[in-house]
Amino acid sequence: QVQLVESGGGLVQAGGSLRLSCAPSGSIFSYKAMGWYRQAPGKQREWVAIISSGGSRTNYADSVKGRFTISRDNAKNMVYLQMNSLKPEDTAVYYCNGPVPSWEPVRQGAYWGQGTQVTVSS
C-alpha cells in the first residue's frame, strides 16, 4: 500500500519549535527525493523543503530558510521537518509529498499525506 502519514503538528507560540514526521510506506518512495508543502487558509499550497534520496542535498523556500530543517532517516524510513523560530504566518496544514521528480524547478510528487495542522499563536 502506497501512503504517506504525517504527525507532529500542534499549537505553539511564536518563537517556538515543532518537529513534523512523515512515514512513507511503499517501495515507490525508496531512495527517492521527498518534500514538504504547506497550505494556509485561503491560500494555494506552497513548497517548503525538499531532500535528496540520501539526505545530503536539501533546498528550502526563502520564507523558511534558516529556520526549518528537513532531514531523513532511511534506516527508519522516516522524513522530518524541524521547525524553529516559528511565526504566525507559518500557520498552515503541512503535507509530506513524494517521490519528488524534479529539483530545478521543484515539481510535486504524485503522493500526498493527509496533512498535519500547525498553528502558531502570536
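Just above, that's the structure.
These numbers come from a predicted model, not from an experiment.

Asks: For this particular structure, what's the right way to read the side chain of R72?
Replies: Along the chain, R72 turns up in strand β7 (residues 68-73). No salt bridge is formed by the buried R72; its nearest oppositely charged neighbour, D73, is found at 8.4 Å. Here the side chain of R72 touches K32 through a polar contact of 2.8 Å, landing on its backbone oxygen. Looking at R72, its side chain comes within polar contact range of the side chain of N74, at 2.9 Å. If near-sequence neighbours (up to four positions away) are discounted, R72 is found in contact with F29, K32, A33, M34, I51, S52, S53, G54, G55, M78, V79 and Y80.

Asks: Is there a simple way to explain the environment of R72 in this structure?
Replies: Judged by its relative accessible area of 15%, R72 falls in the buried class. Sequence spacing of R72 and M83 is 11 residues, and the spatial spacing of their C-alpha atoms is 14 Å. A polar side-chain atom of R72 sits 3.4 Å from the main-chain carbonyl oxygen of S53.

Asks: Looking at this model, I keep getting lost on the pattern of salt bridges. Mind explaining?
Replies: Side chains that differ in sign of charge can pair as their charged atoms come close. Summed over all chains, the structure comprises five salt bridges. Measuring nitrogen to oxygen at the nearest pair gives 2.6 Å for the salt bridge that ties R38 to E46. Residue R38 is classed as buried on the basis of its relative accessible area of 5%. We classify E46 as partly exposed; its relative accessible area is 35%. Notably, a salt bridge pairs R67 with D90, separated by 2.7 Å at the nearest N-O pair. With R67 in the loop between β6 (58-60) and β7 and D90 in the loop between β8 (78-83) and β9 (92-98), this residue pair connects regions lying 23 residues apart in the sequence. An identical accessibility class is assigned to R67 and D90; each is buried. The structure contains a network of salt bridges with shared partners spanning R38, E46, R67 and D90.

Asks: In this structure, what is going on with the packing of aromatic side chains? I would like to understand it.
Replies: Between two aromatic rings, the relevant description is the distance of the centres plus the angle of the planes. By the definition in use, this model includes three aromatic pairs. Between F29 and Y111, the aromatic rings sit 5.7 Å apart at their centres with planes inclined by 80°, giving edge-to-face as the arrangement. Placement of the pair is F29 in the loop between β3 (18-25) and β4 (34-39) and Y111 in strand β10 (residues 111-112), with a sequence separation of 82 residues. Judged by its relative accessible area of 2%, F29 falls in the buried class. Seen from their ring centres, Y95 and W112 are 6.2 Å apart, and the 90° between their planes marks the pair as edge-to-face. With Y95 in strand β9 and W112 in strand β10, this residue pair connects regions lying 17 residues apart in the sequence. These aromatic residues form a ring-pair network of at least three members: Y37, Y95 and W112. Here R45 stacks its cationic end above the ring of Y95, 3.8 Å away from the centre of that ring. For R57, the ring lying beneath its charged end belongs to W103, and the centroid distance is 4.2 Å.

What counts, and at which threshold
- Residues numbered from 1 in each chain as written.
- Predicted model: local features only at pLDDT ≥ 70, side-chain atom pairs only at ≥ 80, totals over all residues.
- Heavy atoms only, no water.
- Helix = DSSP H or I, 4+ residues; strand = E, 2+ residues; numbered from the N terminus.
- Buried < 20%, exposed > 50% of the residue type's maximum accessible area, 1.4 Å probe, protein only.
- Lys, Arg positive; Asp, Glu negative; His and termini not counted.
- Salt bridge = Lys/Arg side-chain N within 4 Å of Asp/Glu carboxyl O.
- Polar contact = N/O pair within 3.5 Å; in protein donor to acceptor, adjacent residues only side chain to side chain.
- Contact = heavy atoms within 4.5 Å.
- Phe/Tyr/Trp six-rings, centres within 6.5 Å; stacked < 30°, edge-to-face > 60°.
- Lys NZ or Arg CZ within 6 Å of the ring centre and 35° of its normal.

Any link to function would need more than the numbers given here.
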